[in-house]
Amino acid sequence: MSSTRAADLPIGKLSAATGVKVPTIRFYEQIGLMAAPPRTDGGRRLYDPAAVRRLAFIRHARQLGFDLPAIRSLLDISTDPDRPCADANAIALARLAEVRARLRSLKALEKELARMSRACEGGEVGSCRVIEVLSDHDLCEVREHPPA
């Protein structure tokens, strides 16, 4: 049996403490983002404070839209406190570029939806500009829309 310290948490309490669902924690363990924790004789996982911090880091990075490979790289970078932060910054700048591209795309989508709605005369569906534009992409001024 592993020795249990007062700060060790079972998976349910780790989930509650970090806001990450239990299946997601298990998934992170499965893909190696989280180390498999020691288990009690009864098979319960027990997470130490370092695991709590790591999972909180992963959760926050996911909230900021980093993908799993970027998070894996950031976690790797974080293990060497003497390493220059240029690599971490490069990952953050790449994410920033993705966000800015998405914002440009969303602005174009906003413009197209507003144009389409303005063109609607409020008559019957047979002559509805919204339905017409949605039925024929060539009527859109914006050719690329952000993914749904």
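Conventions adopted
- Residues numbered from 1 in each chain as written.
- Predicted model: local features only at pLDDT ≥ 70, side-chain atom pairs only at ≥ 80, totals over all residues.
- Heavy atoms only, no water.
- Axes fitted to C-alpha atoms, helices over the stretch in contact; angles between N-to-C directions.
- Helix = DSSP H or I, 4+ residues; strand = E, 2+ residues; numbered from the N terminus.
- Parallel < 35°, antiparallel > 145°, perpendicular 65-115°, else oblique.
- Contact = heavy atoms within 4.5 Å.
- Nonpolar A, V, L, I, M, F, W, Y, C, P; charged D, E, K, R; others polar.
- Buried < 20%, exposed > 50% of the residue type's maximum accessible area, 1.4 Å probe, protein only.
- Arc of directions from axis to C-beta.

> Teacher, can you tell me more about the packing of helix α1 (residues 11–18) against helix α2 (residues 22–30) here?
To characterise two packed helices, one gives the angle between the axes of the helices and the distance between these axes. One can describe the packing of α1 onto α2 by two numbers: an axis separation of 9 Å at closest approach and a directional angle of 105 degrees. The angle between α1 and α2 falls in the class roughly perpendicular. Of the residues in α2, those touching α1 at Ile11, Gly12, Leu14 and Ser15 are Val22, Ile25 and Arg26. Along the lines of polarity and charge, the residues of the contact of α1 with α2 split into 4 nonpolar, 2 polar and 1 charged.

> Explain α2 to me, please; I cannot follow it from the model alone.
For α2, the full list of buried residues reads Ile25, Tyr28 and Glu29. Along α2, the residues classed as buried sweep out an arc of 100 degrees about the axis, all on the same side. Residues of α2 that are exposed and point over 90 degrees away from its buried face: Pro23 and Gln30. The inward-facing, buried residues of α2 contact α1, β2 (46–47), α3 (49–63) and α4 (68–78). Where α2 terminates, the next one or two residues include glycine 32, which has phi positive at roughly 85 degrees.

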